[in-house]
Amino acid sequence: MTEQDKRFMKRAIELAADTSLVKKAGGVFGAVIVDKSGNIIGEGANRVVAENDPTWHGEIEAIRKACKKVGSFKLTGATLYTAGECCPMCAAAAYWAGIERIFYAATCGDALEYGNFDDSMIFAELKKPTVDRSIPAEQVLREECVEVWKKYHDMPGRIQY
């Protein structure tokens, strides 16, 4: 980790402290996304409580802002600095966005010990076959939906992602 990496991580921790201790908007989670030139292109903080939105994680907000700033749904070459190790949702979003590196400060174990944030059940559930998960999932109307997929597949000018 370079001095520049430490500076970006300190910013992510500042965002985490502000959102949790000052604004009381959510947990101790803040994030910064930096492009390959070393410029901050997105920042975010957890606002789950303030917005009544379980998806308002710092990493998700930072990804949305960075994508908007660069005008693309891909953040090729970008680095994510996050105050806490990514939950399953944020880790998946980082992969989908094409983020190339992630630095984190606190671990999932720290979040559990000091904040009672426990993502272990979600990590375990995602490893199970769909039929064995605790939230029942049942496939219905596959044929109808596949017809839409076929049209999408054949659509001229479709943007691949």
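See the structure above.
Residues numbered from 1 in each chain as written. Predicted model: local features only at pLDDT ≥ 70, side-chain atom pairs only at ≥ 80, totals over all residues. Heavy atoms only, no water.

Scanning the protein chain for helices and strands turns up 7 helices and 4 strands. Overall, the protein chain shows an N-to-C arrangement of helices and strands of α-β-β-α-α-β-α-β-α-α-α. The principal-axis extents of the C-alpha atoms in the protein chain amount to approximately 50 × 40 × 30 Å. Here the protein chain holds 161 residues, and 32% of them are scored as buried. At a minimum sequence separation of 6, the contacts of the protein chain that also span at least 24 residues come to 46%. About 10800 Å² of surface is accessible on the protein chain, with carbon and sulfur atoms providing 58% of the total. (Helix = DSSP H or I, 4+ residues; strand = E, 2+ residues; numbered from the N terminus. Buried < 20%, exposed > 50% of the residue type's maximum accessible area, 1.4 Å probe, protein only. Contact = heavy atoms within 4.5 Å. Areas by Shrake-Rupley, 256 points an atom, 1.4 Å probe, with all protein chains shown as cover.)

A few words now on the sheet that holds strand β1 (residues 30-34). Strand order across the open sheet formed by 4 strands is β2-β1-β3-β4, with mixed pairing between neighbours. The outermost strands of the open sheet, each flanked by one partner alone, are β2 (40-45) and β4 (101-106). In this sheet, neighbouring strand axes are inclined to one another by 15° on average, regardless of whether the strands run parallel or antiparallel. Where strand β3 (residues 79-84) and β4 come together, 5 bridges link them in parallel fashion. Pairing of Gly84 across the sheet is with Ala106, part of β4. Running at roughly 150° to β2, helix α3 (residues 58-70) makes contact with β1, β2 and β3 of the sheet. (Pairing = 2+ DSSP bridges. Axes fitted to C-alpha atoms, helices over the stretch in contact; angles between N-to-C directions.)

Ile33, Ile63, Leu75, Leu80 and Ile99 are the most contacted members of the largest nonpolar core, which has 18 residues in total. Those elements giving two or more residues to this core turn out to be β1, α3 and α4 (88-97). At 5 residues, α3 tops the list of elements feeding residues into this core. Discounting residues that sit within four places of it in the chain, Leu80 has contacts with Ala31, Val32, Ile33, Glu59, Cys86, Ala94, Ile99, Arg101, Ile102 and Phe103. Within the second largest apolar cluster, 8 residues are counted, among which are Met9, Val32, Val34 and Phe103. (Core = buried A, V, L, I, M, F, W, Y, C linked by side-chain atoms within 4.5 Å.)

One way to say it: the disulfide is the covalent bond shared by the sulfur atoms of two cysteines. For the structure on display, the rule yields 0 disulfides. You can see Cys86 has no disulfide; the closest cysteine sulfur is in Cys90, sitting 5.7 Å from it. Unpaired in terms of disulfides, Cys87 finds its nearest cysteine sulfur in Cys90, a separation of 3.6 Å. (Disulfide = S-S within 2.5 Å.)

Here we come to a nonpolar patch on the surface. Together, Phe73, Ile159 and Tyr161 line one region of the surface with nonpolar side chains, adding up to about 390 Å² of accessible area. For Tyr161, the location among the structural elements is in the segment after α7 (142-154). Residue classification places Tyr161 among the exposed residues on the basis of a relative accessible area of 69%. (Patch = residues over 30% accessible without salt bridge, like charges linked within 9 Å, V, L, I, M, F, W, Y side chains within 5 Å. Salt bridge = Lys/Arg side-chain N within 4 Å of Asp/Glu carboxyl O.)

Once that is clear, we can look at the pairing of β2. Of the pairings in the sheet, the one linking β1 to β2 comprises 5 bridges and is antiparallel in character. Among the inter-strand pairings, Gly30 is bridged to a residue of β2, identified as Ala45. Here β1 folds back onto β2, and the loop between the two strands holds 5 residues, one of which, Gly38, carries a positive phi near 90°.

It is worth spelling out the side chain of Thr19 at this point. In this structure, Thr19 sits in helix α1 (residues 3-22). The exposure class assigned to Thr19 is buried, which follows from its relative accessible area of 2%. With sequence-adjacent residues up to four places away left out, Thr19 is seen in contact with Lys24, Ala25, Gly26, Gly27, Phe29, Ala45, Asn46 and Arg47.

This part is about the pattern of salt bridges. Taken as a whole, this structure holds 9 salt bridges when the rule is applied. The salt bridge involving Arg47 is made with Glu51; its shortest N-O contact spans 2.8 Å. Overlapping salt bridges bring together Arg11, Glu14 and Glu43 as one network.

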